[in-house]
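Now for the letters of each chain:
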Amino acid sequence: MQIRWLEANEARFADYARLFPELGVNDPLPAPAEWLANMGPDLVFLELDGAVVGYGYAQALASSGYVRHVVIGPQARGKGLGRELMHELRRRLAARGCSSWQLNVKLDNVPAIALYRSLGMEPDFRTWVLRVPAPAGLPLPASPTLRCSEPPASSDATLEREFDVPSGLLARHRAKPATRLLLFERDGSPIALAPFDPHFPGCFPFRLRDPACSRAVLEQLLAFVPVDRAYLQLVLERDEPSARLLLSSGASLVFEIQHLQGPLHA
Ligand SMILES: CC(C)(COP(=O)(O)OP(=O)(O)OC[C@H]1O[C@@H](n2cnc3c(N)ncnc32)[C@H](O)[C@@H]1OP(=O)(O)O)[C@@H](O)C(=O)NCCC(=O)NCCS
């Protein structure tokens, strides 16, 4: 059993396109050039005896590594390769200065949760991935008028503290040319933060401090959804009150996930 670690290049997009659906997240595939530019430096492919059987995608943020994808193809599972892949991601994140790592996993993904816990990760919060129909939106109660702006990069550290976003994540969003970072305020107080990526189209993470303001926020976000797309996807971390309000108003639940985190060298 000979393992080789391969970097991303345009020819490897076919492997990504074959393996990515194993995550079961139902997100659209990007165009190859966009994929390579946005994700390439954070991808690693696992080649076993000459065939690519898996890949990992992990972003080194300020001090924490955010593991975004971990995939071993169906035929190659159960042989220790998922664990090898996590060890490789750990090596790569440590080499880029991270001291902790984190990820999201579906609540019913028993193999993945067992793997991550065996590496020292622990559950910390729940996340809801929702879709709001576009352009119609949801029949939400009227909400106060908000000011929407696109704050400069110099305010990222303040916004990350204010909205409890992992340090360095907003810079990652800004590096994608099509992403817009939107801040919603009421009388000068921050109410919501939405890094909007038209590819999904949606916001990860979507922070809404006051569910009573959801209508005004969603109406403005829906205006950014491309006309050929039927939904706005929102990732609400920790925020059960907003998730419940949007679900009870007709948003659809894509899935509920568990966030796990731990020290890189457990
Ligand atoms: C999760 C995944 C990466 C595991 O890969 P794998 O190569 O099968 O895993 P390994 O053989 O290295 O096993 C590593 C550990 O995972 C856990 N595990 C693997 N298969 C399992 C199963 N069927 N049931 C329970 N635990 C299991 C065990 O803890 C195992 O450690 P052990 O063998 O020491 O008991 C793989 O199932 C996969 O790609 N699934 C589809 C995509 C996905 O869900 N990715 C995770 C997204 S968060």
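Residues numbered from 1 in each chain as written. Predicted model: local features only at pLDDT ≥ 70, side-chain atom pairs only at ≥ 80, totals over all residues. Heavy atoms only, no water.

1. Some words on the pattern of salt bridges
Rules: The term salt bridge refers to a pairing of a side-chain nitrogen on Lys or Arg with a carboxyl oxygen on Asp or Glu at a separation within 4 Å. Helix and strand assignments come from DSSP, with helices taken as H or I runs of at least 4 residues and strands as E runs of at least 2, each series counted from the N terminus.
Tallying each qualifying case throughout the model produces 20 salt bridges. Put simply, Arg 92 and Glu 88 hold a salt bridge, and the shortest N to O gap is 2.8 Å. One end of the pair is Arg 92 and the other is Glu 88, both in helix H3 (residues 81-95) and 4 residues apart, which spans about a single turn. The network of salt bridges with common partners includes Glu 7, Glu 88, Arg 91 and Arg 92.

2. Focus: the site of the ligand
The condition is simple: Throughout, near means a residue has at least one heavy atom within 4 Å of the molecule or strand. Polar contact is defined as a pair of N or O atoms within 3.5 Å, subject to the rule that within protein one atom must be able to donate a hydrogen and the other to accept it, and that residues adjacent in sequence are counted only when both atoms are side-chain atoms. Surface accessibility follows the Shrake-Rupley procedure with a 1.4 Å probe radius. Residue values consider only the protein chains on display as shielding.
Taken together, 20 residues surround the ligand, and among them Val 70, Ile 72, Gly 82, Arg 83 and Asn 109 come closest. The backbone of Lys 79 places a nitrogen or oxygen atom 3.3 Å from an oxygen atom of the ligand. A distance of 2.8 Å separates an oxygen atom of the ligand from a polar backbone atom of Gly 80. If the ligand stood free it would expose 930 Å²; the protein chains cover 69% of that surface. Going through the elements one at a time, strand E4 (64-72), H3, strand E5 (100-106) and helix H4 (110-118) are the ones with two or more residues in the shell around the ligand. Ranked by the residues each element gives to the shell around the ligand, the list is headed by H4, at 5 residues.

3. Notes on the side chain of Arg 90
Selection rule: Partly exposed describes any residue whose relative accessible area lies between the buried limit of under 20% and the exposed limit of over 50%, with all areas from a 1.4 Å probe on protein chains only and scaled to the type maximum. The charge count treats Lys and Arg as positive and Asp and Glu as negative. His and the chain ends do not count.
By the element assignment, Arg 90 lies in helix H3. The buried charged residue Arg 90 lacks any salt bridge, with Glu 84 as its nearest oppositely charged partner at 9.6 Å. Within the local environment of Arg 90, its side chain forms a polar contact with the backbone oxygen of Leu 264, the two atoms lying 3.2 Å apart.

4. Quick look at the nonpolar core
Counted only if it meets this: Among buried residues, the Ala, Val, Leu, Ile, Met, Phe, Trp, Tyr and Cys ones that are joined through side-chain atoms within 4.5 Å form a nonpolar core. Where each domain starts and ends comes from a domain assignment, either automatic or drawn from a database. We call two residues in contact whenever any of their non-hydrogen atoms come within 4.5 Å of each other.
Core analysis: the biggest nonpolar cluster contains 30 residues, and Tyr 16, Trp 35, Leu 43, Phe 45, Tyr 55, Leu 159 and Leu 193 have the highest contact counts within it. Looking at this core, the elements with two or more residues in it are helix H1 (13-19), helix H2 (32-39), strand E2 (43-48), strand E3 (51-60), E4, helix H6 (169-175), strand E8 (180-186) and strand E13 (252-263). Lining this core are residues from two domains, each supplying at least three of them: domain 1 (3-98) and domain 2 (128-257). When neighbours within four sequence positions are excluded, Leu 193 is seen to be in contact with Leu 159, Phe 163, Val 165, Leu 170, Leu 181, Leu 182, Leu 183, Pro 205, Phe 206 and Arg 207. Grouped together as the second largest cluster of nonpolar side chains are 29 residues, Phe 184, Ile 191, Cys 213 and Val 217 included.

Distances and angles like these do not, on their own, reveal function.
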